[in-house]
Amino acid sequence: MARRPLPRILTDSAPLARMANSTSLARSRELARTAADGASDVFHPLIVIGRGLRRLGAAGRGRWLETPRESRGPMAFFVGACVLVMFLVPYGPLLALIAVMGAGAWAGRERTPVETGPGEAERERLTALYEALVPYFSAEGDTGLLYTHGGDWERAFTEYAFDESGRIERLQLKYPAYFTDGEDQARVRIEQVLYAKAGRGREYHFGWDELTNQLTLTALGALPADIGAQRFVTSPGETVLGFTDPDAVQRTLPVTAGEETRDAPPVVWRTGQRATEPHLLVLGQPGTGATTLLRSIAVQALQDGDVLIVDGGGTGEYGALAGRRGVLGVESGLAGALAALEWASHETERRLIAANRARQAGRPAPEDTRRPLWIIADRPTALAHVAVAEGREDPQQWLQVPLRHGRAALVTVVVADQFESAELLSDPVRAHTKARVVLGPATAEEVRAVLGAPPHTTPTAHVPPGRGYARLGSAPVLRLQVPATPDPLDDATGQPLREAVLALLPERTIPADDGGAGDETGTAHETVTADGAGAAEPVVGGEPEGATGSADAGRPVNLRKSTPPDPAEAAEAETAEPTGAAEAPEPAGRPAPADASSDAGAPDDTAEPVGAGARVRTVEDGASRAVNGSPGTVRAEG
């Protein structure tokens, strides 16, 4: 039986296409869409409330399922009691309905999704960092597979944070227990990889936790360099070397930076008889702030002590300190440095002898032995070259006694030099300077060679002046920023900093017209003797020694350089008691008179030179006597 053909209206698509494209149908679609949008706007509150009630119901059902079976009965009883009380309270059902609607509206509101995970670029950075650590944290036979090529970095990186530019700001990772985290070389390799992958040009801190096998990398900000010279709030015997990170020390000091006053974490160096690191060594490149640090230490030491400065570089950086109260001398020449350091060595011995005698007699130590004495030597190796050329002794040999016995005698030695000349430092300087500072750009190996331990941060290539690392004895290595203490006599120094430094300096005790300003190189003030032979008399200290004073750091002292006397005359002067004018007390506040006895030709007994064949006037039991400056004579009389 043959099939009948379908009607044309069902086989031909042209009528259907005409109906779909008709204007009436398009208008109907537009009206339907408009009605739907209007209905959604009108019923939007109901939609939100319904969505919220659905979420609350799901949360309540989940809470009911999480409740243990033995606790479901009391919970149902409590809910039923609440419903009963609600119906008994006037307007209770209405208030309950309003509360339910409000809770549903709050729970059903549209929330903007918060991205909790890293972005695509951050994921790529973490993946690259993970792959770079695989060769160092993986080993054959490792079943944990914490680090493997193509592995999951989320298992290894427990915490991570990025800054606004997309660079890693903080990263905490786990490493296998078999990794040799106790070896410095193994740590350095990991730190180099992290430094390269996290982004160069910044300084990172690495915190190794051997107990939990975790490493925390933190990007450090630059230390504030706007803190200048000022009076710091410290106790006697405390010196502020600079400032460090807030989490590195447990102390803060109020400081003024510009017009702002804030608390800053200091690096405090303690000196004195109970100090474990009584002496300091500073090393750095030229122009990195070593002289600035020594000047800052000298300004702080002048508050309650005396300072003797040896400027081996001869640049005159300490000219502003010459002639001020408490400054025993500022020497930049070889002869002056030898004389000053020799006196400091004898003064240390004298203090030890006086303190020992007082203890044996059951008396407190003399007053002149309890005033701190600071010996600041800037680039002493430069003077060593001059001494070798002239065939004279190295000035560093006179630092041996203050370094060995300075803590008991309240004598502190501060030495600063450059990396190129560090090998020329004497063995006592290297052995007895337990407090160390490295300034300027330096590699981890250089920092380790000076401080005895590598830094926990990555050294940067470009640092501001006064920036470096410090380590006090066996304490951890700290980042350091030295307070700005420029030379106030330098034309390049700004007016605010110049006034700040000058305000901290003690008053002058030598008038400027008498040479109190010092010469261009910052040497001690000199006056030519009457015979015109060129012998100089450096006035060390603000006031000359009186009849009741002693050649110590507790009272200002006169050191006089002159031509060595004849040995026979020196021996005769040693055996003879000073009489006449030599026993008369000198007027206070006036320098010792120069040797004007040209006709006699004998050396002046009232101000003998310190050095070879030199003498220093001392006082013992109220009687003046002349003591030879040579080490042998001092030991014999002690």
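Each value, and the rule that gives it
Residues numbered from 1 in each chain as written. Predicted model: local features only at pLDDT ≥ 70, side-chain atom pairs only at ≥ 80, totals over all residues. Heavy atoms only, no water. Pairing = 2+ DSSP bridges. Helix = DSSP H or I, 4+ residues; strand = E, 2+ residues; numbered from the N terminus. pLDDT = per-residue confidence, 0-100. Contact = heavy atoms within 4.5 Å. Buried < 20%, exposed > 50% of the residue type's maximum accessible area, 1.4 Å probe, protein only. Arc of directions from axis to C-beta. Salt bridge = Lys/Arg side-chain N within 4 Å of Asp/Glu carboxyl O.

Undergrad: Where do I start with the pairing of strand 1 (residues 157–162) in this structure?
TA: Walk down a regular strand and you will see the side chains alternate between the two sheet faces. Direction of pairing for strand 1 relative to strand 2 (residues 168–174): antiparallel, over a ladder of five bridges. Paired with A161 across the two strands is R170, which belongs to strand 2. Hairpin connection from strand 1 to strand 2: five residues lie between these consecutive antiparallel strands, with G166 at a positive phi of about 90 degrees.

Undergrad: Sorry if this is basic, but what is going on with the confidence of the model for the chain here?
TA: Taken over all residues, the pLDDT of the chain has a mean of 78, while the share at 70 or more is 75%. Every residue in residues 513–638 scores below 50 in pLDDT, and together they form 251 contacts with partners more than four places removed in sequence or on other chains.

Undergrad: Explain helix 16 (residues 495–504) here, please?
TA: Owing to its 3.6 residues per turn, the α-helix aligns residues three or four sequence positions apart on the same side. Of the positions making up helix 16, those classed as buried are R498, V501 and L504. With its buried residues spanning 135 degrees around the axis, helix 16 presents them on a single face. For helix 16, the exposed residues lying more than 90 degrees away from the buried face are P496 and A503. As for helix 16, its buried residues are in contact with helix 10 (290–301).

Undergrad: I'm lost on the pattern of salt bridges in this one. Help?
TA: When their charged atoms lie close together, side chains carrying opposite charge are able to pair. Under the counting rule described, the total for this entry stands at 20 salt bridges. A salt bridge links R167 to D163; the shortest N-O distance between them is 3.9 Å. The exposure class assigned to R167 is partly exposed, which follows from its relative accessible area of 30%. When salt bridges with common partners are traced through the structure, they connect E203, D245, R467 and R479 into a single cluster.

Undergrad: I tried to follow unusual backbone geometry on my own but got confused; where do I start?
TA: Only a minority of non-glycine residues have a phi that is not negative, and only a minority of peptide bonds are not trans. Despite not being glycine, Y91 has its phi angle at roughly 55 degrees, a positive value. Residue placement: Y91 occurs in the loop between helix 5 (69–88) and helix 6 (92–107). At R379, a residue that is not glycine, the phi angle is positive and equals roughly 55 degrees. Inspection of the secondary structure puts R379 in the loop between strand 12 (373–378) and helix 12 (380–390). On the basis of relative accessibility, which here comes to 28%, the residue R379 falls in the partly exposed class.

Undergrad: Which parts of the structure should I look at to understand the side chain of D245?
TA: Tracing the chain through its elements places D245 in the loop between strand 5 (238–243) and strand 6 (253–257). Taking relative accessible area as the criterion, D245 reaches 13% and is therefore assigned buried. In contact with D245, not counting residues within four places along its chain, are L220, L223, P265 and R479.

Undergrad: Can you walk me through the environment of V482 in this structure?
TA: Structurally, V482 can be placed in the loop between strand 16 (478–481) and helix 16. Note: C-alpha distance between V482 and G466 (16 residues apart in sequence) is 4.8 Å. In this view, V482 contacts L241, G242, T292, L293, L439 and G466; residues no more than four positions away in its chain are not counted.

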